[in-house]
Amino acid sequence: MKVLVIGGGAREHALCRSLSLDPDVTALHCAPGNAGIAEVAELHQVDALDGAAVTALATRLGAELVVVGPEAPLVAGVADAVRDAGIPVFGPSGEAAQLEGSKAFAKDVMAAAGVPTARSYVCTNAEEVDAALAAFGAPYVVKDDGLAAGKGVVVTEDVEAARAHAAACDRVVIEEYLDGPEVSLFAVTDGENVRPLQPAQDFKRALDGDRGPNTGGMGAYSPLPWADPKLVDEVVESVLQPTVDEMRRRGTPFSGLLYAGLAITSRGVRVIEFNARFGDPETQVVLARLKTPLAGLLMAAATGNLADLEPLRWSDAAAVTVVVASHDYPGTPRTGDPIIGLDEVAAQDAPHAYVLHAGTRHEGDAVVSAGGRVLSVTATGTDLTEARDRAYRAVARIRLDGSQHRSDIAAKAAGA
Ligand code: AMP
Ligand code: GLY
């Protein structure tokens, strides 16, 4: 099978790494990719938001499966263009991707499907904002309605900060605060059948102890030793299957990866958000544990054949990933700094620890930073303690001027 992956972050590196290990994959292409992906796939330039350009590239390469990584091309309808050309594509239509593209739309689908989520108001002016803030009280949760790469959400005790964020957005969703730990649960779906993956936990805040601003995610781990073993089945029944059924009922079936961001509250599981694609960095740890060959799974979803697929197989290993981010992330990151030590990790820590690239590119022989999140240093072990130790040992070998990472990824779950 010839596969083309669209995107260029650590999630796409994780996808490409797993695809490159799948014996059914005969050729692997990625556009635009990054310096790390170049080691496992052939890179191509493309405007990832241009459906016609992606389709032309897929056709030229003879791709038999296109996997769209990020949300922006999905919301822009890139999967529709590829599918219209008769090429199987893993990723929802532009209309179905509105589950992520519009928080107001997601709330509407959840209400219709009876999916438990935070109570909320959609507000378009200051009066509505004030009324909603007063209705829920502190802590205030204010979300930009559109795509904001995980950075459009403000959770604050300060009503002025809540008002200011709302004023900076055209349309916001204001909702009740959900307490309790968060879980990311991904499901592969063909629009009808749902196959849950293993749950993971992400660390959204920039600094240790869950302080600092929200980011795209600073690290992740799986499995979740503290979670109820029935959690996955429960979420399939109360969240994932009803959502997939409701999308099909509306005439906009959702196929691809449905990501449920959940809060395990004192009153039960609640959906915080849906995403229409694999999560980053959770994918890095989930795929590290998936034993079923990835291409066959994604192809089954793309072609409506999930019901026929054998049960997914998982390794008992634990996995941890630590994001190395550039100076000032999630603010305006500094780029172009050389990354030293990648060879050392490959020589000393493989195969248990490895570096997935996010914002990197080649500059001559050097690999330099090219984005906010630069690397996703991933490791497996017999338990979270071992996986964590291995991941941090590898992180310690990497030198990137001004870089930052959290030192407490998976610490609590590992009992550290
Ligand atoms: P979202 O983009 O909706 O996933 O929000 C980003 C992050 O903000 C989430 O991962 C949570 O940590 C936090 N958050 C979002 N909604 C809520 C809520 N209703 N209550 C508490 N925290 C929230
Ligand atoms: N890790 C959060 C996300 O992918 O949206």
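You'll find the structure just up there.
Since the model is a prediction, treat every value here as computed from it, not as a measurement.

Engineer: Explain the site of ligand 2 here, please?
Structural biologist: Taken together, Asp202, Lys204, Gly216, Tyr259, Asn275, Arg277, Gly279, Asp280, Pro281 and Glu282 make up all the residues around ligand 2. Note that a nitrogen atom of ligand 2 is positioned 2.8 Å from one of the backbone N or O atoms of Asp280. Contact between ligand 2 and Glu282: a nitrogen atom at 2.8 Å from a side-chain N or O atom of the residue. A total of 190 Å² of accessible area belongs to ligand 2 in isolation, and the protein chains cover 91% of it. Class assignment of the residues belonging to the shell around ligand 2 gives a composition of two nonpolar, three polar and five charged.

Engineer: Is there a simple way to think about the sheet that holds strand β17 (residues 268-275) in this case?
Structural biologist: Adjacent strands of a sheet pair through backbone hydrogen bonds, lying either parallel or antiparallel. Read from one edge to the other, the open sheet built from four strands follows the order β11-β10-β16-β17, with strand pairing classed as antiparallel. Edge positions in the open sheet fall to β11 (194-196) and β17, since each of these has one partner strand only. Neighbour-to-neighbour, the strand axes of this sheet turn through a mean angle of 35°, independent of strand direction. The pairing of strand β16 (residues 256-265) with β17 spans seven bridges and is antiparallel. Across the sheet, Thr265 pairs through a bridge with Gly268, a residue of β17. Sheet strands in contact with helix α9 (residues 231-249) are β10 (182-189), β11, β16 and β17, and its direction is about 125° off that of β16.

Engineer: Mind showing me how you'd approach the site of ligand 1 here?
Structural biologist: Glu175, Leu178, Glu182, Lys204 and Glu273 are the nearest of the 14 residues found near ligand 1. Contact distances for ligand 1 include 2.9 Å between a nitrogen atom and a backbone N or O atom of Glu176. With respect to ligand 1, the side chain of Lys204 contributes an N or O atom lying 2.7 Å from an oxygen atom. Bound to the protein, ligand 1 loses 94% of the 480 Å² it would expose on its own. Breaking the shell around ligand 1 down by element, the ones donating at least two residues are β7 (140-144), β8 (153-156) and β17. Here the residues of the shell around ligand 1 sort into six nonpolar, one polar and seven charged.

Engineer: Whenever I open this one, the pattern of salt bridges confuses me. Can you help?
Structural biologist: Pairs can form between side chains of opposite charge whenever their charged atoms are close. Scanning the model with the defined rule gives 28 salt bridges in all. In this structure, Arg399 and Glu344 form a salt bridge, with 3.6 Å as the shortest nitrogen-oxygen distance. One end of the pair, Arg399, is in strand β24 (residues 399-400); the other, Glu344, is in helix α12 (residues 342-348), with 55 residues separating them in the sequence. For Glu344, a relative accessible area of 33% corresponds to the partly exposed category.

Engineer: Sorry if this is basic, but what is going on with the packing of helix α1 (residues 10-20) against helix α10 (residues 282-289) here?
Structural biologist: When two helices pack together, their arrangement is given by the angle between the helix axes and by the axis-to-axis distance. Closest axis-to-axis distance for the α1/α10 pair is 8 Å, and the angle between their directions is 15°. As judged from the angle between their axes, α1 and α10 are roughly parallel. By crossing handedness, the relation of α1 to α10 is classed as left-handed. Touching Ala10, Arg11, Ala14, Leu15 and Ser18 of α1 are Thr283, Gln284 and Leu287, all from α10. Class assignment for the residues of the contact of α1 with α10 results in four nonpolar, three polar and one charged.

Engineer: What am I meant to see in helix α6 (residues 103-113) here?
Structural biologist: Note on helix geometry: an α-helix contains 3.6 residues per turn, so any two residues three or four positions apart are oriented the same way. Taken residue by residue, α6 has Lys103, Ala104, Ala106, Lys107, Val109, Met110 and Ala113 as its buried positions. Between the side-chain oxygen of the N-cap and the backbone nitrogen of Ala104 there are 3.3 Å, and the N-cap of α6 in question is Ser102. At the exit of α6 stands Gly114, carrying a positive phi of roughly 70°.

Engineer: Teacher, can you tell me more about the nonpolar core here?
Structural biologist: Note on soluble globular proteins: their nonpolar side chains tend to be buried together. Counting 76 residues, the largest nonpolar core has Val66, Leu240, Phe274, Val320 and Leu375 as its most contacted members. Sequence-distant contacts of Leu240, that is, excluding residues within four places in its chain, are made with Leu185, Ala187, Val194, Val235, Leu258 and Ala260. Residues Ala220, Leu287, Ala301 and Ala302 belong to the second largest nonpolar core, which totals 43 residues.

Engineer: Looking at this structure, I do not really get the packing of aromatic side chains. What am I missing?
Structural biologist: Taken as a whole and assessed by the stated rule, the structure comprises five aromatic pairs. Consider the rings of Tyr121 and Phe136, whose centres lie 5.4 Å apart with planes at 35°: the pair is tilted. Remark: Phe136 occurs in helix α7 (residues 126-136) and Tyr121 occurs in strand β6 (residues 120-123); sequence separation between them is 15 residues. Of the residues examined, Tyr121 reaches a relative accessible area of 43% and is grouped as partly exposed. Between Phe186 and Tyr259, the aromatic rings sit 5.0 Å apart at their centres with planes inclined by 35°, giving tilted as the arrangement. Of the two residues, Phe186 is situated in strand β10 and Tyr259 in strand β16; the sequence distance between them amounts to 73 residues. An aromatic cluster is present here, built from Phe90, Phe186, Tyr259 and Phe278 joined pairwise through their rings. Just above the ring of Tyr354 sits the side chain of Arg17; from NZ or CZ to the centre is 3.6 Å.

Engineer: So what exactly am I meant to see when it comes to the pairing of strand β2 (residues 27-32) here?
Structural biologist: For a regular strand, side chains alternate in direction, first toward one face of the sheet and then toward the other. Most of β2 sits out of view: five of its six residues are buried. Note that strand β1 (residues 2-7) and β2 share six bridges and pair parallel. Bridging from a neighbouring strand, Ile6 pairs with Ala31 of β2. Each parallel crossover has a hand, and for β1 linked through α1 to β2 it is right-handed. In this sheet, strand β3 (residues 42-43) lies alongside β2 in parallel orientation, the contact comprising two bridges.

Engineer: Explain the environment of Ala53 to me, please; I cannot follow it from the model alone.
Structural biologist: With respect to the secondary-structure elements, Ala53 resides in helix α2 (residues 51-61). Separated by 265 residues in sequence, Ala53 and Ala318 have C-alpha atoms that sit 39 Å apart. Not counting residues up to four positions away in its chain, the partners in contact with Ala53 are Val46 and Asp47.

Reading guide: rules and limits
Residues numbered from 1 in each chain as written. Chains lettered and ligands numbered in written order. Predicted model: local features only at pLDDT ≥ 70, side-chain atom pairs only at ≥ 80, totals over all residues. Heavy atoms only, no water. Near = heavy atom within 4 Å. Polar contact = N/O pair within 3.5 Å; in protein donor to acceptor, adjacent residues only side chain to side chain. Areas by Shrake-Rupley, 256 points an atom, 1.4 Å probe, with all protein chains shown as cover. Nonpolar A, V, L, I, M, F, W, Y, C, P; charged D, E, K, R; others polar. Pairing = 2+ DSSP bridges. Helix = DSSP H or I, 4+ residues; strand = E, 2+ residues; numbered from the N terminus. Axes fitted to C-alpha atoms, helices over the stretch in contact; angles between N-to-C directions. Contact = heavy atoms within 4.5 Å. Salt bridge = Lys/Arg side-chain N within 4 Å of Asp/Glu carboxyl O. Buried < 20%, exposed > 50% of the residue type's maximum accessible area, 1.4 Å probe, protein only. Parallel < 35°, antiparallel > 145°, perpendicular 65-115°, else oblique. Left-handed = near helix turned anticlockwise from the far one by under 90°. Core = buried A, V, L, I, M, F, W, Y, C linked by side-chain atoms within 4.5 Å. Phe/Tyr/Trp six-rings, centres within 6.5 Å; stacked < 30°, edge-to-face > 60°. Lys NZ or Arg CZ within 6 Å of the ring centre and 35° of its normal. Right-handed = clockwise from strand over helix to strand, strands pointing away.

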